[in-house]
Amino acid sequence: MKVLLTGFTWRCVENWLPMRSLIDMDIAAFPRLADPNHANLLDKNIECIFTAPIKENFEFFESDQLIIWNKFSNIVSKNYYDAILLSSCINGPELKIRQVLQERGIICPVVGLQHGFHQNWKAYELHQESFDAFGVFGTAFESCFSEQFAPQILSMSLPKLDAIARRKEPKILRNALMLAQLKTEIEQYRRVGTCLRAQGYNVFFKPHPEHINIYDELREDFTFLNSQISIKEVASKFDLAVCPGSTSVLEMIEAGVRVAVMEDENGLDYSSFGIVFSVKRPEAVFRIFDGYDDEVFLKNIEEQMRRHTGLPKLRNQAAVSELSMFCDAWQRISSRSANIGIVEAP
């Protein structure tokens, strides 16, 4: 199987990049230069087959879009991809790919992909003309869509989690990590961090890579980590993590770190995990951390991880298998429809 993976930030592409170990995968980058997280897309080791930078408003810098799309279409045409995977199909050029190819008579299935835990699910449905199917991290997300959209859903798991090494019998490091997104007020981060420090923890702070500077006044209170460092690289250095309702929670849990999720930062999406607290009562975070000593508590987290991300260490294979089955079905329908000039989605 040969696929083309597209994206405008590294964090979206990274979700699916491990599939590269099992299938032939090229990368087409639309790096959004206003987001510092685009940088890895320009790393020569990634070897993108196509690159076209975009502005903060998701428009191309290049004024002649026809040249860009002709170049992109030629690459797709020459490589005979089994599918094109859109890792960040929430805005920008990726939403136009399917139409561009159809206008040029290039037949290739296009699959949209979930890029984060908290999502505007209705927006995906509004853009459903931009893809033939839509891949989610796990079966738990199938219920986020309408019955009409359900036939387009592929439960593909979250491959990047299988690349995370789980901590062995954890030694006590007395290190706690706070990850920031955007909604929570700075003073509330300070209150949570102060509670952690009062219990003897060294508190580290990692801002969201797209909103680095807004947290500068906390630099006097906590040790800041480079926002571009991946969770995978630092997880083993921490006993505890306080996270927003993002995929960072899944990464930390996979690494064996005790995680509490801030309700105020889209955390309610994690309610079924039993790890949500309100920063208005920062001391409540310790009830969450103590829960990890309870076997029933841990079994629920394991079950929720399976529902939301797939089976541990089998996620990569599951994603490839689900995609392969879709492509086979799409090709069969495409072949049957060729006689009447129609290509339907399976």
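In this report, the structure presented in the accompanying data block is examined.

Rules of the game
Residues numbered from 1 in each chain as written. Predicted model: local features only at pLDDT ≥ 70, side-chain atom pairs only at ≥ 80, totals over all residues. Heavy atoms only, no water. Helix = DSSP H or I, 4+ residues; strand = E, 2+ residues; numbered from the N terminus. Rg over C-alpha atoms; globule rule 2.2 N^0.38 Å. Buried < 20%, exposed > 50% of the residue type's maximum accessible area, 1.4 Å probe, protein only. Areas by Shrake-Rupley, 256 points an atom, 1.4 Å probe, with all protein chains shown as cover. Pairing = 2+ DSSP bridges. Expected span 1.5 Å × (residues − 1). Contact = heavy atoms within 4.5 Å. Salt bridge = Lys/Arg side-chain N within 4 Å of Asp/Glu carboxyl O. Phe/Tyr/Trp six-rings, centres within 6.5 Å; stacked < 30°, edge-to-face > 60°.

Side note on the overall build of the chain
In step 1: The number of helices and strands found in the chain is 10 helices and 13 strands.
In step 2: A compact globule built from 346 residues would reach a C-alpha radius of gyration of about 20 Å, and the chain, at 21 Å, matches this within 12%.
In step 3: Considered along the principal axes of its C-alpha atoms, the chain spans approximately 70 × 45 × 35 Å.
In step 4: Put simply, the chain has 346 residues, and 55% of those count as buried.
In step 5: Entry remark: accessible area of the chain is about 15,800 Å², with carbon and sulfur atoms responsible for 50%.

Here we look at the sheet that holds strand 1 (residues 2-7)
In step 1: The seven strands are arranged 3-2-1-4-5-6-7 in an open sheet whose pairing can be described as parallel. In the strand order of this sheet, the two ends are held by strand 3 (50-51) and strand 7 (153-155), each with one partner.
In step 2: Note: strand 5 (residues 110-113) against strand 6 (residues 133-136), three bridges, orientation parallel. Within strand 6, the position partnered with Gly-112 by the bridge is Phe-134.

Focus on helix 5 (residues 186-198)
In step 1: Over its 13 residues, helix 5 runs 18 Å from end to end, which matches the ideal 18 Å to within 8%, given 1.5 Å per residue.
In step 2: Listed in full, the buried residues belonging to helix 5 are Ile-186, Gln-188, Tyr-189, Arg-190, Val-192, Gly-193 and Leu-196.
In step 3: Tucked into the core, helix 5 has its buried residues touching strand 8 (175-179), strand 9 (202-206), strand 11 (240-243), strand 12 (258-262), strand 13 (276-277) and helix 8 (285-291).
In step 4: At the exit of helix 5 stands Gly-200, carrying a positive phi of roughly 90 degrees.

What to know about the pattern of salt bridges
In step 1: Tallying each qualifying case throughout the model produces 13 salt bridges.
In step 2: One salt bridge in this structure joins Arg-315 and Glu-254, with 3.0 Å as the shortest N-O distance. Residue Arg-315 is found in helix 10 (residues 315-337), and its partner Glu-254 is found in helix 7 (residues 248-254); the two are separated by 61 residues along the sequence. The pair Arg-315 / Glu-254 is uniform in exposure class, with both members buried.
In step 3: Salt bridges linked by common partners bring Glu-187, Arg-190, Glu-217 and Asp-221 together as one network.

Remarks on the pairing of strand 9
In step 1: Of all five residues that make up strand 9, four are buried, and the element is covered over most of its length.
In step 2: In terms of strand pairing, strand 8 meets strand 9 through five bridges, oriented parallel. Across the sheet, Ala-176 pairs through a bridge with Val-203, a residue of strand 9.
In step 3: Two strands pair when backbone bridges link them, and strand 9 and strand 10 (residues 223-224) are joined in this way by two bridges, in the parallel orientation. Across the sheet, residue Phe-204 finds its bridge partner in strand 10, namely Thr-223.

Let's talk about the packing of aromatic side chains
Both the distance between ring centres and the angle between the ring planes are used here to describe each pair of aromatic rings.
In step 1: For the coordinates displayed, the defined rule picks out 31 aromatic pairs.
In step 2: Geometrically, the ring pair formed by Trp-121 and Phe-145 is edge-to-face, given 5.3 Å between the ring centres and 80 degrees between the ring planes. One end of the pair, Trp-121, is in helix 4 (residues 121-126); the other, Phe-145, is in the loop between strand 6 and strand 7, and 24 residues separate them in sequence.
In step 3: By relative accessible area, Phe-145 is classed as buried at 9%.
In step 4: Seen from their ring centres, Tyr-124 and Phe-134 are 4.4 Å apart, and the 45 degrees between their planes marks the pair as tilted. Separated by 10 residues along the polypeptide, Tyr-124 in helix 4 and Phe-134 in strand 6 bring together distant segments of the chain.
In step 5: Look at Phe-134 and you get buried, because its relative accessible area is 0%.

A word on unusual backbone geometry
In step 1: Positioned with a positive phi, Glu-47 is a non-glycine residue whose angle comes to about 55 degrees.
In step 2: With respect to the secondary-structure elements, Glu-47 resides in the loop between strand 2 (24-29) and strand 3.
In step 3: In this model, Phe-58 sits at a positive phi of 75 degrees, which is unusual for a non-glycine residue.
In step 4: As for its placement among the helices and strands, Phe-58 is situated in the loop between strand 3 and helix 2 (65-79).
In step 5: Take Phe-58: its relative accessible area is 16%, and that puts it in the buried class.

That's the geometry; what it means functionally is another story.
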